[in-house]
Amino acid sequence: MAGLAEDDEKERMTLMTHEQPDVWGRHAAKYARFAAPFTGYIAQSLFLSVAGRLPREARILEIACGTGELARAALLHCLEERRTTGRCGGVVATDFSPGMVALAKKTLDALDAPDIARAEVQDGQALGFDSASFDAVFSAFGIFLFPDRHAGWREAARVLRPGGLLATAVWRGPEDNALARLQMAPVMSALPERVRSALPRPGWLDIASAEGLEKEVRAAGFVAPEVSVFNAVLTAPTPHAMWGMMRENPVSNSLLAACSDEEIAVIERSVLSAFEELAGGTDRPVRFDASCHFLIARRA
Ligand SMILES: C[S@@+](CC[C@H](N)C(=O)[O-])C[C@H]1O[C@@H](n2cnc3c(N)ncnc32)[C@H](O)[C@@H]1O
């Protein structure tokens, strides 16, 4: 039974992320407006948490870069190194969504350093880079949602040189993370029983705890993992804007795939009324406290 549930979850994640033409790309503009100011702050903080340990002229890779906020922080680091020493490494931002890569490219182009930074389409489960070609690999809320997460960690290890740094951000579970809890509660309570009871347990819950995350990256060839808690607040301008984001986001929207239009209308009412209560009105911002883990480890 456990095997079946795992297979169902893998299939749902694969459909959600890989088998529809650029589902993340279709969400990219809204992601850039509402999610990236929040996840971008977290991703830049993840980079800054590692920057002090980077070697000189570091070759830096970002996997599942989205709109390229972490890569931007990495490029600023390289530019400062070049200003002060005359030399620096470089940054490659990758994502499997052409729509996201187009936005990441714009983010990097704004810093006008095409000789040291580029964005390109790459599947994080099968990267087209030579082994040991990077000194540091980052992935903020990326590898954790791959259908084959183990392949994601293995590829990160493969392209890192021995001793190279991995840094990743992963959401904590609903009990420690009000964003996960408050966002999903009104959806789950309004989902028809036949849909709710058929939902597989989300695979990422296995790495929502520090212990689970450490165990998984160790198994992929990393050592000396350090996990810390990082908190941030997501602000959506209105309850309706937050619902719009959930309808477009491939992860939250996949829960509604088996619902009819009438059933979705019921869920929408449940979500809006819960969010309006949190916000204090239809035209007020709704804010969610969010909590994630940062993991920093070294390639064995
Ligand atoms: C939640 S977003 C995170 C984006 C960004 N890192 C951030 O923190 O804002 C997840 C990203 O993972 C990308 N993604 C999903 N599966 C992928 C895969 N197999 N390879 C590369 N990128 C993938 C999506 O296109 C999307 O940009």
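Everything discussed here concerns the structure shown above.
Residues numbered from 1 in each chain as written. Predicted model: local features only at pLDDT ≥ 70, side-chain atom pairs only at ≥ 80, totals over all residues. Heavy atoms only, no water.

Chemist: Please explain the site of the ligand as it appears in this structure.
Modeler: Inspection of the region around the ligand gives 19 residues, with Tyr-31, Thr-39, Asp-95, Gly-124 and Ala-140 positioned closest. For the ligand, a nitrogen atom lies 2.8 Å from a polar atom in the backbone of Ala-64. Note that a nitrogen atom of the ligand is positioned 3.2 Å from one of the backbone N or O atoms of Phe-96. Here the ligand loses 96% of its free accessible area of 590 Å² to cover by the protein chains. (Near = heavy atom within 4 Å. Polar contact = N/O pair within 3.5 Å; in protein donor to acceptor, adjacent residues only side chain to side chain. Areas by Shrake-Rupley, 256 points an atom, 1.4 Å probe, with all protein chains shown as cover.)

Chemist: Help me understand the packing of helix α9 (residues 239-248) against helix α11 (residues 261-279), please; the structure alone is not making it clear to me.
Modeler: Helix packing geometry: the angle between the two helix axes and the distance between the axes. For the pair α9 and α11, the least separation of the axes is 9 Å and the interaxial angle reads 135°. Classified by the angle their axes make, α9 and α11 are oblique. In this structure, α9 crosses over α11, and the sense of that crossing is right-handed. Here Pro-239, His-240, Met-242, Trp-243, Met-246 and Arg-247 of α9 come into contact with α11, specifically with Ile-264, Ile-267, Glu-268, Val-271, Leu-272, Phe-275, Glu-276 and Ala-279. (Axes fitted to C-alpha atoms, helices over the stretch in contact; angles between N-to-C directions. Helix = DSSP H or I, 4+ residues; strand = E, 2+ residues; numbered from the N terminus. Parallel < 35°, antiparallel > 145°, perpendicular 65-115°, else oblique. Left-handed = near helix turned anticlockwise from the far one by under 90°. Contact = heavy atoms within 4.5 Å.)

Chemist: Explanation requested: the pairing of strand β5 (residues 160-171) in the structure shown.
Modeler: Across a regular strand the side chains alternate sides, sitting on one face of the sheet and then on the other. Within β5, nine of the twelve residues are buried, which leaves it mostly tucked inside the rest of the structure. Sheet topology places strand β4 (residues 134-140) next to β5; six bridges connect them, and they run parallel. For Val-137, the partnering residue across the bridge sits in β5 and is Leu-166. Here β5 pairs with strand β7 (residues 286-299) via seven bridges, running antiparallel. Looking across to β7, one finds that Trp-171 is bridged to Cys-292. (Buried < 20%, exposed > 50% of the residue type's maximum accessible area, 1.4 Å probe, protein only. Pairing = 2+ DSSP bridges.)

Chemist: I keep staring at helix α4 (residues 98-109) and nothing clicks. Help me out?
Modeler: Working note: α-helix, 3.6 residues per turn, so residues spaced by three or four point in the same direction. In a regular helix each residue adds 1.5 Å, so twelve residues correspond to 16 Å; α4 covers 16 Å between its end C-alpha atoms and thus fits that length. Burial in α4 covers these residues: Met-100, Val-101, Ala-104, Thr-107 and Leu-108. Across the axial projection of α4, the buried residues extend over an arc of 115°, all falling on one side. For α4, the secondary structure elements touched by its buried residues are α2 (23-51), α3 (69-85), β2 (90-95) and β3 (117-121). (Expected span 1.5 Å × (residues − 1). Arc of directions from axis to C-beta.)

Chemist: Looking at this model, I keep getting lost on the packing of aromatic side chains. Mind explaining?
Modeler: The description of two aromatic rings rests on the distance between their centres and on the angle between their planes. Scanning the model with the defined rule gives ten aromatic pairs in all. With centroids separated by 5.8 Å and ring planes inclined at 10°, the aromatic side chains of Phe-38 and Trp-171 adopt a geometry described as stacked. One end of the pair, Phe-38, is in helix α2; the other, Trp-171, is in strand β5, with 133 residues separating them in the sequence. For Phe-38, a relative accessible area of 7% puts it in the buried group. For Trp-171, a relative accessible area of 14% translates into the label buried. Taking the centre distance of 5.3 Å and the plane angle of 45° together, the rings of Phe-47 and Phe-138 count as tilted. Placement of Phe-47 in helix α2 and of Phe-138 in strand β4 is noted, with a sequence separation of 91 residues between them. Note on Phe-47: relative accessible area 1%, which makes it buried. Every member of this aromatic cluster is reached through a ring pair, and the members are Phe-38, Phe-141, Phe-144, Trp-171 and Trp-204. (Phe/Tyr/Trp six-rings, centres within 6.5 Å; stacked < 30°, edge-to-face > 60°.)

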